[in-house]
Protein chains: 2
Amino acid sequence: MKIIIDAMGGDHAPQATVEGGIMAAQEFGLDVVLVGRVAEILSCIEQLGHGDLPKGIAVADATEVVTMDDDPANVIREKKDSSLSVGLRMLRDGEGDAFVSAGNTGALLAGATLIPKRIKGIRRAALAPVIPNRETGALVIDCGANAECTPEYLLQFAYMGAYYAKNVMGQSNPRVGLLNNGSEPSKGTELQRETYALLETAREAGKLNFIGNVEGREVMLGGVDVVVTDGFTGNILLKTIEGTAMCLMGELKDALTKSTKTKLGALLVKSGLRGLKKKLDHAEIGGTVLLGISKPVIKAHGNSTAYAIRSAIRQARDITASGIIQDIRDNIDEIKLEKE
Amino acid sequence: MKIIIDAMGGDHAPQATVEGGIMAAQEFGLDVVLVGRVAEILSCIEQLGHGDLPKGIAVADATEVVTMDDDPANVIREKKDSSLSVGLRMLRDGEGDAFVSAGNTGALLAGATLIPKRIKGIRRAALAPVIPNRETGALVIDCGANAECTPEYLLQFAYMGAYYAKNVMGQSNPRVGLLNNGSEPSKGTELQRETYALLETAREAGKLNFIGNVEGREVMLGGVDVVVTDGFTGNILLKTIEGTAMCLMGELKDALTKSTKTKLGALLVKSGLRGLKKKLDHAEIGGTVLLGISKPVIKAHGNSTAYAIRSAIRQARDITASGIIQDIRDNIDEIKLEKE
């Protein structure tokens, strides 16, 4: 399996992307293509102590770089030789099985829609991270690709999310919930009420295991595998979880370093806390899949370290191996909207 | 100062409301009126070991009870002798300075709007809890009273929130942020973009310290005092914070009880963690003010313990003493919408 990496994308590129790519190639026995400015990439490889290209690593040239300031709507056309554009064309042309980028999210969304394109029948691609929770995690779809959604988009998100939970997360009968401000079907705005009706119809037809509305609490406490929401609300949810976790870990650190006694205690509980830190660690989780695109595209966090890039590559491997995209394609008649 | 309590509202009523009312009367030297079924209230008082009515405590009769199943839209008219309706009429008629209820939120909103009514010139009342964060806390307005909002409502929420932060939280120049899925003015849906423009105009006129868009992260990490949002998104935010905090505290407990070594360490860090638990504790924080009503109305959490009721009463005292409602009234020409 060959994974294409946007070597120039992310706050710590190309150092982190190159090192992460090499880590993944070694640890998982994958082929990795680093796309970007060849001289810079080779210099990073050398700095890491490799005289030659490490095993499994290839380099592909792209002279331009998409920055965070570039306008996502135009940059794909304007910077045709960017690592993002070149990498996505390689993906489209079968020169790799999946694409990973830690760069400009909007540009990645636009590029993925323009180049490898959406699966035929899918209206909108959606960002769908797996959020660690008290159970085995919940997939939240959409987390920011589409701030404004229709009930029909959300219905397709529910299907794609359920396929992901089944194929990649191994949930045999994934519980699909609609994120809302209460459990009753009448809750929310028009968007939630109309989506509720569509999901309920899909449940009655035996197509989805729709469990009804879920609230912000349940995403973290468990009881739901796929959380369906528009990209605006999903983004608020995701950032709020991040902020709350960072706040509490900060408070916890303050509490543990409060006195000599607590510092001593902290040494003893350290091993226990390691699991908690690991569970919350972006670098461990990997990236966010862009569901609905015809090939696997994974967005890694902008501030990804080498280890985080390595984890995103592992996730790209899992998604590719799972066959989820073929499964969506095979069942597109079920997912496709009648209006089409 | 006299605080009116809906003695029959909440999961643990009337035991928790009666005990909390007595605690508050004793601790803060307040007059407290317990409204509800007199026989039940007196029986609770007796069970708490008081032969007579404790100092500062009065009881007012209301034969009906609003339940969680009652329809908020109709229950105020249908149950005219409920503790909720009677208490709100007492508030309107000046038989107390503030009203606290842990009962049906929708019914409380409807009742507060129908009986003491909104401040003249305010379009919608909003639920505005103070969220503990890495700084001194952020007021989030609205957290669920109005799932669907216009930009004009949000502008008024911003003003009311800023008055609250100034009068009750003691922020001299409160930083007002618009909850959004990114920092750029173009982010969000039409609601956020139009609200952004209104808030920016208010800032240019020197009326509000609008600091721009804020994301879910900043609510918890700090940098903003008043977070303006529609009730749907605010509710998702609030529940997500609750769920994340509960999830992490659960994970922390698991981590600390993992082995004999971590258990020993847990004993040593216990004192440090107490502050963290206290910071997150609903029972400590009190309730949520309903801003925009002509008299102080506070919603306590449905599962409030006696101590939580006591804290909500303390908050009712602080709000009443702050003079925020008079301040809003005095400045209503500034806050009032032009369309009116």
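The model shown is predicted, which means the values in this text are computed figures rather than measured ones. (Residues numbered from 1 in each chain as written. Chains lettered and ligands numbered in written order. Predicted model: local features only at pLDDT ≥ 70, side-chain atom pairs only at ≥ 80, totals over all residues. Heavy atoms only, no water.)

Before going further, it helps to spend a moment on the relation of the copies chain A and chain B. Turning chain A through 180° and shifting it by 0.0 Å along the axis lays it on chain B, with an RMSD of 0.0 Å. Expressed as a symmetry operation, the mapping of one chain copy onto the other fits a two-fold axis. Across chain A, the smallest distance between a C-alpha and the rotation axis is recorded for G265(A), namely 2.0 Å. The overlap is high: 100% of the interface residues of chain A also sit at the interface in chain B, so the same surface is used on both sides. (Least-squares fit on C-alpha atoms with pLDDT ≥ 70 in both. Contact = heavy atoms within 4.5 Å.)

Residue and element names in this part refer to chain A. In the structure shown here, the tally under the stated rule is two aromatic pairs over all chains. Residues Y196 and F210 carry aromatic rings whose centres are separated by 5.2 Å and whose planes lie at 75° to one another, so their mutual orientation is edge-to-face. Of this pair, Y196 sits in helix α7 (residues 190-204) while F210 sits in strand β9 (residues 210-214), and the two are 14 residues apart along the sequence. Taken individually, Y196 and F210 each receive the classification buried, so the pair is uniform in this respect. Above the ring of F28, the side-chain terminus of R317 is found at 5.0 Å from the ring centroid. (Phe/Tyr/Trp six-rings, centres within 6.5 Å; stacked < 30°, edge-to-face > 60°. Helix = DSSP H or I, 4+ residues; strand = E, 2+ residues; numbered from the N terminus. Buried < 20%, exposed > 50% of the residue type's maximum accessible area, 1.4 Å probe, protein only. Lys NZ or Arg CZ within 6 Å of the ring centre and 35° of its normal.)

Closest axis-to-axis distance for the helix α10 (residues 260-280) of chain A/helix α10 (residues 260-280) of chain B pair is 7 Å, and the angle between their directions is 140°. Viewed along their axes, α10(A) and α10(B) adopt a mutual orientation that is oblique. Here α10(A) runs over α10(B); the crossing is left-handed. Contacts from K261(A), T262(A), L264(A), G265(A), A266(A), L268(A), V269(A), S271(A) and G272(A) of α10(A) reach α10(B) at K261(B), T262(B), L264(B), G265(B), A266(B), L268(B), V269(B), S271(B) and G272(B). Looking at the contact of α10(A) with α10(B) residue by residue, the class counts come to eight nonpolar, eight polar and two charged. (Axes fitted to C-alpha atoms, helices over the stretch in contact; angles between N-to-C directions. Parallel < 35°, antiparallel > 145°, perpendicular 65-115°, else oblique. Left-handed = near helix turned anticlockwise from the far one by under 90°. Nonpolar A, V, L, I, M, F, W, Y, C, P; charged D, E, K, R; others polar.)

Let us now look at the interface of chain A and chain B. Of the residues lining the interface, 53 residues belong to chain A; the matching set on chain B comes to 53 residues. Summed over the three residues of chain A that lose the most area to chain B, namely R134(A), R217(A) and F232(A), the buried surface amounts to 14% of that side. The partner of E242(B) in a salt bridge is R217(A), and the shortest N-O contact between them spans 2.7 Å. In this structure, the connection of chain A to chain B is made through 13 residue pairs in polar contact (both at pLDDT 80 or more). (Buried area = accessible area lost by both parts, 1.4 Å probe. Salt bridge = Lys/Arg side-chain N within 4 Å of Asp/Glu carboxyl O. Polar contact = N/O pair within 3.5 Å; in protein donor to acceptor, adjacent residues only side chain to side chain.)

Further remarks concern the side chain of T288(B). Among the secondary structure elements, T288(B) is positioned in strand β11 (residues 288-291). T288(B) has contacts with L127(B), A128(B), P129(B), V297(B), I298(B), K299(B) and Q315(B), leaving out every residue within four places of it along the chain.

All names here are of chain A. Look at helix α1 (residues 15-28) against helix α12 (residues 306-322): their axes get within 7 Å of each other, and the N-to-C directions meet at 50°. Put simply, α1 runs oblique to α12. As α1 packs across α12, the resulting crossing turns out to be right-handed. When α1 is examined against α12, the residues A16, T17, E19, G20, G21, M23, A24, E27 and F28 are found in contact with a partner set consisting of A306, Y307, I309, R310, I313, R314 and R317. Class assignment for the residues of the contact of α1 with α12 results in eight nonpolar, three polar and five charged.

As a further point, take the sheet that holds β11(B). Residue and element names in this part refer to chain B. In space, the seven strands of this open sheet follow the order β3-β2-β1-β4-β12-β11-β5, with mixed pairing throughout. What marks the edges here is a single partner per strand, and that holds for β3 (57-61) and β5 (126-128). Neighbour-to-neighbour, the strand axes of this sheet turn through a mean angle of 30°, independent of strand direction. Where β5 meets β11, three bridges bridge the pair, whose relative direction is antiparallel. Within the sheet, the bridge partner assigned to L127 lies in β11 and is L290. Sitting on the sheet, helix α5 (residues 105-114) is in contact with β4 (98-101), β5, β11 and β12 (297-299), with an inclination near 170° to β12. In the packing of helix α12 (residues 306-322) onto the sheet, the strands contacted are β1 (2-6), β4, β11 and β12, and the crossing angle to β4 comes to about 155°. (Pairing = 2+ DSSP bridges.)

Residue and element names in this part refer to chain A. Neither face of strand β7 (residues 138-141) is exposed, since A138 and V140 on one face and L139 and I141 on the opposite face are all buried. As consecutive antiparallel partners, strand β6 (residues 130-131) and β7 are separated by six residues, and within that stretch G137 has a phi angle of approximately 110°, a positive value. One ladder, built from three bridges, connects β7 with strand β10 (residues 226-228); its direction is parallel. Directly across from V140, in β10, lies its bridge partner V227.

The subject of this paragraph is α12(B). It helps to recall that an α-helix has 3.6 residues per turn; residues three or four apart then point in one direction. All names here are of chain B. Taking 1.5 Å per residue as the helical rise, α12 with its 17 residues ought to reach 24 Å, and the 24 Å between its terminal C-alpha atoms agrees with that figure. Turning to α12, its buried residues are A306, A308, I309, R310, S311, A312, I313, Q315, A316, I319 and S322. Phi turns positive, to about 75°, at G323, one or two residues after α12. (Expected span 1.5 Å × (residues − 1).)

What the rule picks out here adds up to 28 salt bridges over all chains. Taking the shortest distance from any N to any O, the salt bridge between K79(B) and D70(B) comes out at 2.7 Å. Look at K79(B) and you get buried, because its relative accessible area is 18%. What emerges from the salt-bridge pattern is a single network uniting R134(A), E251(B) and D254(B).

A few words now on the pairing of β3(B). Residue and element names in this part refer to chain B. Sheet analysis places strand β2 (residues 31-36) next to β3, joined by five bridges and oriented parallel. Within β3, the residue paired with V35 across the bridge is A60. You can see the chain leave β2, run along helix α2 (residues 38-47) and come back into β3, and the turn it takes is right-handed. (Right-handed = clockwise from strand over helix to strand, strands pointing away.)

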